[in-house]
Structures are given as C-alpha cells and as structure tokens.
Amino acid sequence: MLQSRLFTKTKRESPKGEKSVNAILLQRAGFCYKEMAGVYTYLPLGLRVLRKIERIVREEMENVSGQEILMSVLQPKSLWLKTGRWKEGIGEVMYKCKGKEEIGLGPTHEEMLTDIVRNYIHSFEDLPVYIYQIQTKFRKEPRARSGLIRGREFEMKDLYSFHQSESDFKKYYKKVQKAYFKIFRRCGLKAILTEASGVGFTKGYTHEFQVLSAAGEDTIVYCPKGHFSQNKEVAKFQAGDNCPVCGEKLLQGKAIEVGNIFPLGVKYSQSIGAFFQDRDGKKKPIIMGCYGVGISRLMGAIVEVHHDGKGIIWPGSVSPFDVHLLSLQLSNKMSQREKLEKAAKKVYRILQKQNVDVLYDDRKNKSPGEKFADADLIGIPYRIVVSDRMLRKQSVEIKRRDKKIARFVKIKQLPAFLRKNLRLNKT
Ligand code: ATP
Ligand code: MG
C-alpha cells in the first residue's frame, strides 16, 4: 500500500487529557479514532491489526472444533428475565432501548445461544457441540478510560460448549485452556492462567488469562515460574508467600485480563430449558462452559506490552504490514530524485512478489526525519530504507523495529533475504 494514499495521518501530539499508552499511540499513529470514551472506530491500519488477531483466534477455535456463527446484537428482554439477569449482574451494564418492546444490546450471549441450542439438541447423541462467534459487545462501563482495554463497545470472541457429562466438559475445558495459551503466544503475549471468582457459576474458580502490565486493571498474585496465579480479589496468598506448588516466592503485579473461561454448569440450561435425553432415558439439563477472548482489548494489551518512547513495536503476527519501505529523497537534482524513486518502486515490487505486505512511504513532501519518526510510531517490524547512499552500493538498509542496528542487503539478494528472515516471524 502506498502511504501517500493512506487517508489517515500521524499526529505529533498526544490527544488532550489521554493518559492511557495504548489510547495515545493508537490514535497518534492513526490506528483508531476515538468517538467518545470507550468507543472507537478502527481506521485502515487498526482494522488490519484487528483482522490479524481475529484470524489467529479463528484458527485456534477451529482447532478445538468450534463452529462459527453470528448472533444478533439486539436481544429480547424475555430471555433475560428467565435467568434473572435483566436487572442483576451483567444486566446492570446492559444498554437497553425502549421501542415497541424493551430490548437489550448484547453484553454477552449465554441466554441467547442456550435458547437457540434448545431447539436443536434433544439427545445425548447430539452432544457435545462447540459454538463461537466474533462480535461487537456493548457494556455500560463506568470507567472507560484505558483505550481499547476497556470499551463500552468492544470486540469479543465468545465460545460456548455443551456437554452431556461433567467429565466431558472438564476435558474440553482443559483443551480450550491450551488453545488460549496458543492464541496469546501467537499474539506476542505471555498469558498467566489465573484463578478467579466463581461469579455464581461455580463453587470453585473460573479462570482468567492475565498479561502482566502496568496498564492492567487487575492485580494478580503469581508464581514467577508459572506454577500458580490467583486474582487478588480471591487470593488466599500474598506476595512473599511460598508458591503452593513449587515453593518459589510469590510476586504481585498489575495485569490485563485478555481472556476468561467459565464452567457454567447447568445455570443457563436449567433456566432457559435446554435439556437432553441421556442414555438412561432421563431428561437432563445440558452442562455448559463459556470462553471469552477480548479481541479489541488484545490489540490494546499488545501495544501496552510492546512499545517504546518512539511508538508501537508490533509482533510480526499482528502487525498491519510486514515491512515499512521508506524512500528518502535527499537530493535536489531532478534526475537523482527520479532515479531514487525508480529504485524504491523496484524494491516495492520485489517485496510484493515475495508476498510481503508492504507499506511504502512514497510521500514526496516528508523529510527523512519525519519518515523515520512515523515508521517508529506506526511500529511495523521491519523498516527498509532506499536512499542515494544505499543506491550507490546497490543496497538497501534493513532494520528491525525492536533492534538498534541496521543491516545492509544487496537489492539482488533481497528476495533470498526475505524468504529466510521474514517468514520466521510469521506465526
Ligand atoms: P472485566 O473484569 O475486565 O470487566 P469481564 O470479566 O467482565 O471483564 P468477560 O465477561 O469475562 O469480561 O468477557 C470476556 C473477555 O472480554 C474478557 O476476558 C476481556 O478480555 C474482554 N472484555 C470484557 N469487558 C471488556 C471491555 N469493556 N472492553 C474490552 N474488552 C472487554
Ligand atoms: Mg472476566
């Protein structure tokens, strides 16, 4: 893509009053446009990142046999009355509209999906099933001040599983845990499986996937070796205690909850009336689990973890582009400028031929300093520079966003170099 055609522009200044790092960088670099607190539009660069995160999540959901659907945002009040959540619990943060009848904007979809499934699942032979969607959710969050970390309108992946037995549910719950670790690793994040409140679903714990970050709104007590972690809200241990698994000293830290999985038991199937006939001929409520990933929150979390004083440092797997190509026009001579532009275009074509996603900064009115600053702000993992000096050596300069030192590669050797180095960063 040609940067000269990109309708968004970078901004030097931070948006007024904004304190959250991800909100500042994503707006300055032109990934997101803030409509109001907790409500964002995804601009071309931002949408590319969101789609890449979605792709990773989808692949891992397909790997655990998830079937994708897309439920409606508008939800009938009658369903929520059945579970008692219209006014209580999550119902308190539901946006409600009054038309002919009262409806809610979906903050989550247990009620709705259980009601759908009720119409199709009748026998133990129909179970288990795993159903997920990626969709915009709405919640009246009172403190939407941390950019994409807490939206009032945000994107979530929600998976729901339906089982005939507790043991079958438990096996799947473990399987999803593994898939979740993979999702977060592929997004360049280290997630910590954390025990959290049962929130009325279970006498035991639910499980959160927490990423350590000063921007986090949660506090966790965790084992630095990864054997144990509890949300401070329910923690039976504190920092300095010995890890109950390995004896290591526990630490405490701020963290961002990027995912949450819940054993739902029969809470929803019972109240909505989702029953199946078991082998023994008896009618039983379906055993359920649900599993959320904050897709847009992930985008914010990635920025919180991967940035420096100059801007974002995207992991290759979710970066809007693989390479940022910069042509630096230093000469005043028309012939030299044309020569450079031709060379840069050639490099652009070589990159495209290798299936490398390139943002080509072909802007004519920008100084090298401005181009470098924009490249650092936007944070694409590889920067390739074409300049007069490089051109004399038939070379380009390649620098990784997270490294200080640049390398020089002959234009002729560029395809081989890309094949060897770039592909490695794709997960
Ligand atoms: P939190 O405790 O942070 O408010 P939650 O426990 O209410 O979140 P869940 O209902 O478990 O959230 O939602 C599943 C996932 O969706 C969360 O793990 C989180 O990653 C994401 N999420 C929840 N609320 C928001 C929000 N307001 N903005 C962005 N992502 C969110
Ligand atoms: Mg949660």
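Here, every reference points to the structure presented above.
Residue numbers here run from 1 along each chain, matching the order of that chain's written sequence. For naming, the first written chain is A and the first written ligand is 1, with later ones following in the order written. Given that this is a predicted model, residues contribute local features only at a pLDDT of at least 70 and side-chain atom pairs are listed and counted only at 80 or more, while totals for whole chains, interfaces and linings are drawn from all residues. Based on all heavy atoms of the structure, the side-chain values leave hydrogens and waters out of the count.

### Looking at the site of ligand 1
Part 1 of the reasoning: Whether a residue is near a molecule or strand depends on its heavy atoms: it is near if one of them lies within 4 Å of it. Around ligand 1, a shell composed of 15 residues is seen, among which R139, E141, R150, G151 and E257 lie nearest.
Part 2 of the reasoning: Distance and chemistry together define a polar contact, namely a pair of N or O atoms within 3.5 Å, with one atom able to donate a hydrogen and the other to accept it when in protein, and with adjacent residues in sequence counting only for side-chain atoms on both sides. Here E257 contributes a side-chain N or O atom positioned 2.5 Å from an oxygen atom of ligand 1.
Part 3 of the reasoning: Here the accessible surface of atoms and residues is derived via Shrake-Rupley with a 1.4 Å probe, and residues count as covered only by protein chains that are part of the display. Burial of ligand 1 by the protein chains amounts to 84% of its free accessible area of 580 Å².
Part 4 of the reasoning: Contributions of two or more residues to the shell around ligand 1 are made by β8 (153-163) and β13 (251-265). Secondary structure elements are defined from DSSP: runs of H or I of at least 4 residues count as helices, runs of E of at least 2 residues count as strands, and each element is numbered from the N terminus.

### Things to note about helix α8 (residues 334-353)
Part 1 of the reasoning: Expected helix span is given by 1.5 Å per residue-to-residue step, counting one fewer step than there are residues. Helix length check: α8 (20 residues) gives 29 Å between terminal C-alpha atoms against 28 Å at 1.5 Å per residue, within 8%.
Part 2 of the reasoning: When accessible area is computed with a 1.4 Å probe and restricted to protein chains, residues below 20% of their type maximum are described as buried, those above 50% as exposed, and intermediate ones as partly exposed. Every buried residue of α8 is accounted for by L340, A343, A344, V347, Y348, I350 and L351. All buried residues of α8 fall inside an arc of 160° around its axis, so they share one side. The exposed residues of α8 that point more than 90 degrees off its buried face are M334, K339, K342, R349 and K353.
Part 3 of the reasoning: Only heavy atoms enter the contact rule, under which two residues are in contact if any of them lie within 4.5 Å. Next to the buried residues of α8 lie β19 (323-327), β20 (358-361), β21 (382-386), α10 (388-392), β22 (395-400) and α11 (414-421). It is the directions from the helix axis to the C-beta atoms that the arc portrays.

### Section: the nonpolar core
Part 1 of the reasoning: In terms of nonpolar packing, the biggest core is built from 55 residues, with F31, I53, Y180, F184, M299 and W314 touching the most fellow members.
Part 2 of the reasoning: The leading source of residues in this core is helix α5 (residues 166-186), at 8 residues.
Part 3 of the reasoning: Each of domain 1 (3-308) and domain 2 (323-426) contributes no fewer than three residues to this core.
Part 4 of the reasoning: Residues within four places of F184 in sequence aside, it is in contact with L189, A191, F209, V258, G259, V293 and L298.
Part 5 of the reasoning: One finds M112, F201, Y268 and M288 within the second-largest nonpolar core, a separate group that totals 25 residues. What makes a nonpolar core is a set of buried Ala, Val, Leu, Ile, Met, Phe, Trp, Tyr and Cys residues whose side-chain atoms join them at distances within 4.5 Å. Those domain boundaries reflect an automatic or database domain assignment.

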